[in-house]
Each structure stands twice: as structure tokens, then as C-alpha cells.
Amino acid sequence: MKLFTGLVFCSLVLGGSSQGFFSFMREAYEGAKDMWRAYSDMREANFIGADKYFHARGNYEAAQRGPGGEWAARVLSDAREQSQRVTDFFKYGDSGHGAEDSRQDQEANEWGRSGKDPNHFRPFGLPDKY
């Protein structure tokens, strides 16, 4: 429901722009695919210490699509971190477990969305495939 509300709001805001609603939606869709590809690659690589790189890469690639891609990257990244905080709460209580990791993930997300090189977070030894 929040996603739908966000899309309607964005369509109203972009309605008067030259970009247009359908261009924004195409960018958002392609950006979401970029995010999914980075997540799938992270799972496939299963490489210790590569989490931040894949966060930055997914956000970078999505944001390169334009405003729609940047929006999709922000929404998906925030949703992922919030859902992780909820599951951590049920697993560990109000211990703050994972809060630092979540903060670092969000820094990597913002790094990528801002157009900075995601290789800044690339760990030594990660296969060139990624």
C-alpha cells in the first residue's frame, strides 16, 4: 500500500515535468531489477565482507537509470533495512544487535546512490565476475 501511495504521489509531482510518469516508472522498474541483480549476485558470491560492496553497487546501478531508479533504490534499501531491524528485534530483543551493521549498510547505499564508485567497498579477492 505504501508503494502504491508513493507511486501515485510521484506521478502527481512528475505530472508537470518534461520527464513524464511513464519514463519515471520505467526507470523505477529497471532500477528495481538492478537492485535484485545485486542481491542475487551477493547471495551467489557468498563472500565474507562483500555485503557493503553489493549494497553500493545495486544502489549505484539503479540510480544511474535516473530519478525513477534512484527512487526505487531508496525505497528498496530503506524497506530492507527496516525489515531487518524488525526481525532482529524479535530475535534479540531491544539489544541494539545489528544497528551498527544497518547504519553501515545505509552508508553504502547512499554512497552508491550519490554516484560514487561502489568499488570503494569491494573486498580483496572478490571474483571479477562481480
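Heads up: the structure comes first, above all this text.
We now turn to the structure provided with this report.

Procedures and definitions
- Residues numbered from 1 in each chain as written.
- Predicted model: local features only at pLDDT ≥ 70, side-chain atom pairs only at ≥ 80, totals over all residues.
- Heavy atoms only, no water.
- Patch = residues over 30% accessible without salt bridge, like charges linked within 9 Å, V, L, I, M, F, W, Y side chains within 5 Å.
- Areas by Shrake-Rupley, 256 points an atom, 1.4 Å probe, with all protein chains shown as cover.
- Salt bridge = Lys/Arg side-chain N within 4 Å of Asp/Glu carboxyl O.
- Helix = DSSP H or I, 4+ residues; strand = E, 2+ residues; numbered from the N terminus.
- Buried < 20%, exposed > 50% of the residue type's maximum accessible area, 1.4 Å probe, protein only.
- Phe/Tyr/Trp six-rings, centres within 6.5 Å; stacked < 30°, edge-to-face > 60°.

This part is about a nonpolar patch on the surface. Taken together, the side chains of Val86, Phe89 and Phe90 define a hydrophobic patch exposed on the protein surface, amounting to about 350 Å² of accessible area. If you trace the backbone, Phe89 turns up in helix α4 (residues 67–92).

Right, let's get into the environment of Leu76. Relative to the helices and strands, Leu76 resides in helix α4. Judged by its relative accessible area of 38%, Leu76 is partly exposed. When the C-alpha atoms of Leu76 and Gly31 are compared, they prove to be 9.8 Å apart, with 45 residues separating the residues in sequence.

In this section: the packing of aromatic side chains. How two aromatic rings sit relative to each other is given by the distance of their centres and the angle of their planes. Under the defined criterion, the tally for this structure stands at six aromatic pairs. Relative to Tyr39, the ring of Trp36 lies with its centre 5.5 Å away and its plane at 40°, an arrangement referred to as tilted. One end of the pair, Trp36, and the other, Tyr39, are both in helix α2 (residues 21–45), three residues apart, so they sit about a helical turn from each other. The exposed category is assigned to Trp36, whose relative accessible area is 58%. Their ring planes at 85° and their centres at 5.6 Å tell us that Trp111 and Phe121 sit as a pair that is edge-to-face.

Nothing here speaks to function; it is all geometry.
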